[in-house]
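What follows is each chain in one-letter form.
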Amino acid sequence: MTGTTGRRHVPRALLIGAGVVLAVLLGFLLLRWSSTSDVEVRGVPGRPLPPAAVSGGAITVRAGDDAADARVLLDGRAVEVVREGPELALRPGPLPDGTHRVSVRVPGLLGSGTVEREFTVDGTPPALHVEDSLRPEAPGEPVTVTGRVEGAAEVAVAGAAVTPDRRGGFAAVVPNPDREVRVLATDAAGNRAERTLTVHTRHPGMRAVHMTGMAWSSATLREPVLELARQGRIDTVELDIKDESGEVAYDSAVPMAERLGADKGYYDARRAIDELHAMGVRVVGRLVAFKDPVLAEASWRGGHPERVVQTADGRPWTSGGYGAFAFTNFADPVVRQYNVDLAAEAAELGFDDVLYDYVRRPDGDLDRMRFPGLTTTPEAGIVEFLRQTQAEVRSRGALLGASVFGIAVDRPTQIAQDIPAMARYVDYIAPMVYPSHWGPGEFGVADPDAQPYEIVRRSLAGFAEAVRGTDVQIIPWLQDFSLGREYGPAEVAAQVDAARDAGMPSFLLWAANCRYTGEALVPGG
């Protein structure tokens, strides 16, 4: 046996085969050992998470081929997971604020691998403190919002970003504030603290008479009113902007008024305002909003029936003695914008106030009416219109008022005038508490027309209660006309006294013929 020493030769092929088996086995074991390299915990940002995000499945686990064998723990305890495609979404339920740990364990032949991630839950909103006293010197003047915040990543005042100082203090000037200014603080987790501040603009009060545009153009009617002002019996004149016929009393530049031919130019608005201001007399513009037969008829005949209040079967609303095409649809954006544009123009011209009238739906059975496009209640639609107007009027330096029916104080749905809701977006409310308009027994008054003091005093007490807790003033419309019963100085004076005794020294007198009983008014107030 030449060349042998007793060793046996192992076939080379066998050695190679064994090496391959060992390599495969080693690779398999290494794969199982390193299976954690396929594990990802997603949805754990470098900032706190709100509780709702965590409980809603924001944190997910992707465990590759071993997802079925993976064990997911939260703070050392098994947690419910829901498969969403290739991922497992954690559904832990509500979690307390603080730091939490997700652990994903994947078994292997040589032991389990674990991946861990920490995250923070924050469900506490920032602490926000603001000074709730915004009182500009005049309508449209800037206000400064001051406050302090803790734990906020962002602060916004009236939609504009504000940077607090190191102690959290901030101050922001709002150039043209609406009636309400919103302050919003947001932390890194998205928690929000919000405050809504009311801009308080106190109306200076008024002792006023109403004048139509045509009446003001007549020296016979205008001069007695100017004399009342010279004597100090009145301090305000109310002039029509747009009246119940749909006519704009002066030469308006609002495009819709010009297209309709509604602007009549009965008087020169700026000249009238300048004349009255030179006497120290304020000027209120009366704007009849939704009783507008000019706009209604033009819209209906021009292919825009949606701008008109309709009957249930789709015809123009005519009931209530108003005639055809009387009421426009307060839910229609074109109708709204036309009135807002007129209000804004009046404020630009120098009217001290814009006072809406007929800011309501027609009286009558609501089930028989249609308001195309209305998605809320009629009451809410009227309130939204006032909100839309307020910013336009306030930013131009004027105040906004709304004339309302006396019955609206306790019957808000009858004509869609919800007094507490309307009070949020006007500076004053002018209820028409004319004695002749109340029925027997209203407010416990047997014969309101014969008892002007009692009915005015008691009805105004109801309005005072309706706006309690707000800064809105009540400035009543009083009756200087006869309807069934003769009204003279004593009856007019009784109403003025009743308003004053109710804590409302302001008033507006109405006489359709624009002739007023000056003897009933005491000079100087």
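Source: prediction; values computed, not measured.

Summarise the packing of aromatic side chains; cite the residues concerned and give the values.
This model, assessed by the stated rule, comprises twelve aromatic pairs. Between F330 and F371, the aromatic rings sit 5.0 Å apart at their centres with planes inclined by 40°, giving tilted as the arrangement. With F330 in the loop between strand 19 (310-311) and helix 8 (333-349) and F371 in the loop between strand 21 (369-370) and helix 9 (378-394), the pair connects residues that are 41 residues apart, well separated along the chain. For F371, a relative accessible area of 9% translates into the label buried. For the pair Y434 and F481, a centre-to-centre distance of 5.5 Å together with 75° between the ring planes defines the contact as edge-to-face. Placement of Y434 in the loop between strand 23 (428-432) and helix 11 (452-466) and of F481 in the loop between strand 25 (477-479) and helix 12 (489-501) is noted, with a sequence separation of 47 residues between them. The exposure classification of Y434 matches that of F481, with both residues buried. One aromatic cluster in this structure is built from F290, F330, Y356, F371 and F385.

Summarise the sheet that holds strand 3 (residues 71-74); cite the residues concerned and give the values.
Read from one edge to the other, the open sheet built from four strands follows the order 4-3-7-8, with strand pairing classed as antiparallel. The sheet is open, and its two borders are formed by strand 4 (77-78) and strand 8 (113-121), each paired with just one other strand. Strand direction decides the pairing type here: strand 3 and strand 4, joined by two bridges, are antiparallel. If you follow L74 over to strand 4, its bridge partner there is R77.

Quick rundown of the sheet that holds strand 6 (residues 87-90)? Include the residues and the values.
Spatially, the four strands line up as an open sheet ordered 1-2-6-5, and their pairing is antiparallel. Each edge of the open sheet is held by one strand with a lone partner, namely strand 1 (40-42) and strand 5 (81-84). Sheet twist, expressed as the average angle between the axes of neighbouring strands with direction ignored, equals 30°. Pairing analysis gives four bridges linking strand 5 to strand 6, with the strands arranged antiparallel. For R83, the partnering residue across the bridge sits in strand 6 and is L88.

Provide a residue-level description of the pattern of salt bridges, including the pertinent values.
Overall, the coordinates contain 29 salt bridges when judged by the stated rule. Close ionic contact of E150 with R148 constitutes a salt bridge, the shortest N to O distance being 2.6 Å. The shortest N-O distance in the salt bridge between R207 and D235 comes to 3.7 Å. Of this pair, R207 sits in strand 16 (residues 207-211) while D235 sits in the loop between helix 4 (219-230) and strand 17 (236-242), and the two are 28 residues apart along the sequence. For D235, a relative accessible area of 24% gives the class partly exposed.

Rules used in this analysis
Residues numbered from 1 in each chain as written. Predicted model: local features only at pLDDT ≥ 70, side-chain atom pairs only at ≥ 80, totals over all residues. Heavy atoms only, no water. Phe/Tyr/Trp six-rings, centres within 6.5 Å; stacked < 30°, edge-to-face > 60°. Helix = DSSP H or I, 4+ residues; strand = E, 2+ residues; numbered from the N terminus. Buried < 20%, exposed > 50% of the residue type's maximum accessible area, 1.4 Å probe, protein only. Pairing = 2+ DSSP bridges. Axes fitted to C-alpha atoms, helices over the stretch in contact; angles between N-to-C directions. Salt bridge = Lys/Arg side-chain N within 4 Å of Asp/Glu carboxyl O.

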